[in-house]
Amino acid sequence: MLTLTAIADDPLVLTRPVSLDDGPDVVCRPLTHDDADALAAFLTGLSAESRRLSTFDGYGLGAARELCDAIARYDKLRLVLDEVPSGRIVGLLELSLDLHPSDIARYRKAGIHPAATDCRFGPTLADDYQGKGVGTRVFPLIADVARRFGKKRIILWGGVLADNPRAIRYYEKQGFRTVGSFTGVDGARSLDMILDLCPSPGR
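Below or above, wherever it landed, is the structure these notes cover. Everything numeric here is computed off the predicted structure, so don't read it as measured data.

Moving on, we get to the overall build of the protein. Of regular secondary structure, the protein possesses seven helices and nine strands. Principal axes of the C-alpha set define a box for the protein whose edges measure 45 × 40 × 35 Å. Here the protein holds 203 residues, and the buried ones make up 47% of them. Contacts in the protein between residues at least 24 apart in sequence constitute 65% of all its contacts with a sequence separation of at least 6. When the accessible surface of the protein is summed, it comes to about 10,200 Å², and 53% of that surface belongs to carbon and sulfur atoms.

Let's shift gears to the nonpolar core. In terms of nonpolar packing, the biggest core is built from 57 residues, with Leu39, Leu43, Leu77, Leu81, Phe139, Ile154 and Tyr171 touching the most fellow members. Among the elements that line this core, the one with the most residues is helix α6 (residues 134-148), at seven residues. Among the nonpolar cores identified, the runner-up in size contains five residues, and Leu99, Tyr107, Ile155 and Ile194 belong to it.

According to the stated counting rule, one finds five aromatic pairs in the structure shown. Between tyrosine 170 and tyrosine 171, the ring centres sit 5.1 Å apart and the planes meet at 55°, which makes this aromatic pair tilted. Relative accessible area serves as the criterion here: at 17%, tyrosine 170 is assigned to the buried category. Residue tyrosine 171 is classed as buried on the basis of its relative accessible area, which comes to 9%. The ring centre of tryptophan 157 lies 4.7 Å from the NZ or CZ of arginine 120, which sits over that ring. Directly above the aromatic system of tyrosine 129 lies the positively charged group of lysine 132, at a separation of 5.7 Å from the ring centroid.

Listing the buried residues of helix α7 (residues 165-173) in full gives Ala167, Ile168, Tyr170 and Tyr171. Along α7, the residues classed as buried sweep out an arc of 160° about the axis, all on the same side. Of the exposed residues in α7, those oriented more than 90 degrees away from the buried face are Arg169 and Lys173. Within two residues after α7, glycine 175 carries a phi angle of roughly 105°, on the positive side.

Inspection of every chain in the model, using the stated rule, returns zero disulfides. Not part of a disulfide, cysteine 28 finds its nearest cysteine sulfur in cysteine 119, a span of 14 Å. You can call cysteine 28 buried: its relative accessible area is 2%.

Here the focus is the packing of helix α2 (residues 36-44) against helix α4 (residues 61-69). The interhelical angle for the contact between α2 and α4, taken along N-to-C directions, is 130°, at an axis separation of 8 Å. Taken as axis vectors, α2 and α4 run oblique relative to one another. With respect to the hand of their crossing, α2 and α4 are arranged in right-handed fashion. When α2 is examined against α4, the residues Ala36, Asp37, Leu39, Ala40 and Leu43 are found in contact with a partner set consisting of Leu61, Ala63, Ala64, Arg65, Leu67 and Cys68. Counted by class, the contact of α2 with α4 contains nine nonpolar, no polar and two charged residues.

Here glycine 175 lies in the loop between α7 and β8 (177-183). A relative accessible area of 41% means that glycine 175 is categorised as partly exposed. Spatially, the C-alpha atom of glycine 175 lies 20 Å from that of leucine 99, the residues being 76 residues apart in sequence. The residues contacting glycine 175, other than those within four sequence positions of it, are Ile194 and Leu195.

Secondary-structure assignment places serine 96 in strand β4 (residues 89-96). For serine 96, a relative accessible area of 0% translates into the label buried. Among the polar contacts made by the side chain of serine 96, one reaches the main-chain carbonyl oxygen of aspartate 98 at a distance of 2.9 Å. Leave out the neighbours within four places in its chain, and serine 96 touches Asp75, Lys76, Cys119, Arg120 and Trp157.

Cut-off values and rules
- Residues numbered from 1 in each chain as written.
- Predicted model: local features only at pLDDT ≥ 70, side-chain atom pairs only at ≥ 80, totals over all residues.
- Heavy atoms only, no water.
- Helix = DSSP H or I, 4+ residues; strand = E, 2+ residues; numbered from the N terminus.
- Buried < 20%, exposed > 50% of the residue type's maximum accessible area, 1.4 Å probe, protein only.
- Contact = heavy atoms within 4.5 Å.
- Areas by Shrake-Rupley, 256 points an atom, 1.4 Å probe, with all protein chains shown as cover.
- Core = buried A, V, L, I, M, F, W, Y, C linked by side-chain atoms within 4.5 Å.
- Phe/Tyr/Trp six-rings, centres within 6.5 Å; stacked < 30°, edge-to-face > 60°.
- Lys NZ or Arg CZ within 6 Å of the ring centre and 35° of its normal.
- Arc of directions from axis to C-beta.
- Disulfide = S-S within 2.5 Å.
- Axes fitted to C-alpha atoms, helices over the stretch in contact; angles between N-to-C directions.
- Parallel < 35°, antiparallel > 145°, perpendicular 65-115°, else oblique.
- Left-handed = near helix turned anticlockwise from the far one by under 90°.
- Nonpolar A, V, L, I, M, F, W, Y, C, P; charged D, E, K, R; others polar.
- Polar contact = N/O pair within 3.5 Å; in protein donor to acceptor, adjacent residues only side chain to side chain.

If you want it as structure tokens, here you go:
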């Protein structure tokens with residue numbers, strides 16, 4: 001079974017090429033301590049709308065450094081998408097291996113009993129990579145990583161905003177189902193969605 005420490009020591013264990021139909025290919029790999037500047041450029045470049053849909057505490061170098069400093073220190077695994085051949089970070093894919101108490105409470109209210117085999121997932125793509133099928137190509141890698149950590153279900157990190165139909169369609173395409181909704185502190189309504197992971201082929 002994978003561990004966060006093992007991934008930090010050898011990022012190649014989770015480094016995979018991803019071929020795209022529209023635009024340059026990308027490489028999916030773990031975030032490293034050397035990525036602060038490139039990650040800051042990615043965060044800074046997100047449009048106001050992309051920031052509204054994301055869950056980051058900040059969008060500059062300070063926030064990027066915090067994410068890099070957190071590698072293998074907590075329950076988070078962060079993967080980035082590197083554009084080939086420029087090396088520009090064009091995506092950040094986050095997995096949280098533990099659930100937040102607020103998630104547990106919401107899902108219990110919806111009749112779903114969270115377990116240690118659940119994890120959270122949240123993707124963010126650069127504006128020029130949105131709507132091109134990148135998320136669909138990458139998600140099988142995310143599902144495989146979750147399985148390798150012994151996870152059997154994935155929930156959405158912070159839910160998905162109800163006024164984001166493109167994202168909702170994307171998650172439904174990957175097999176997520178809506179189990180409830182909630183209103184955030186900002187008054188925005190979000191949907192809770194969950195995916196039951198099937199065993200991967202050959203396992």
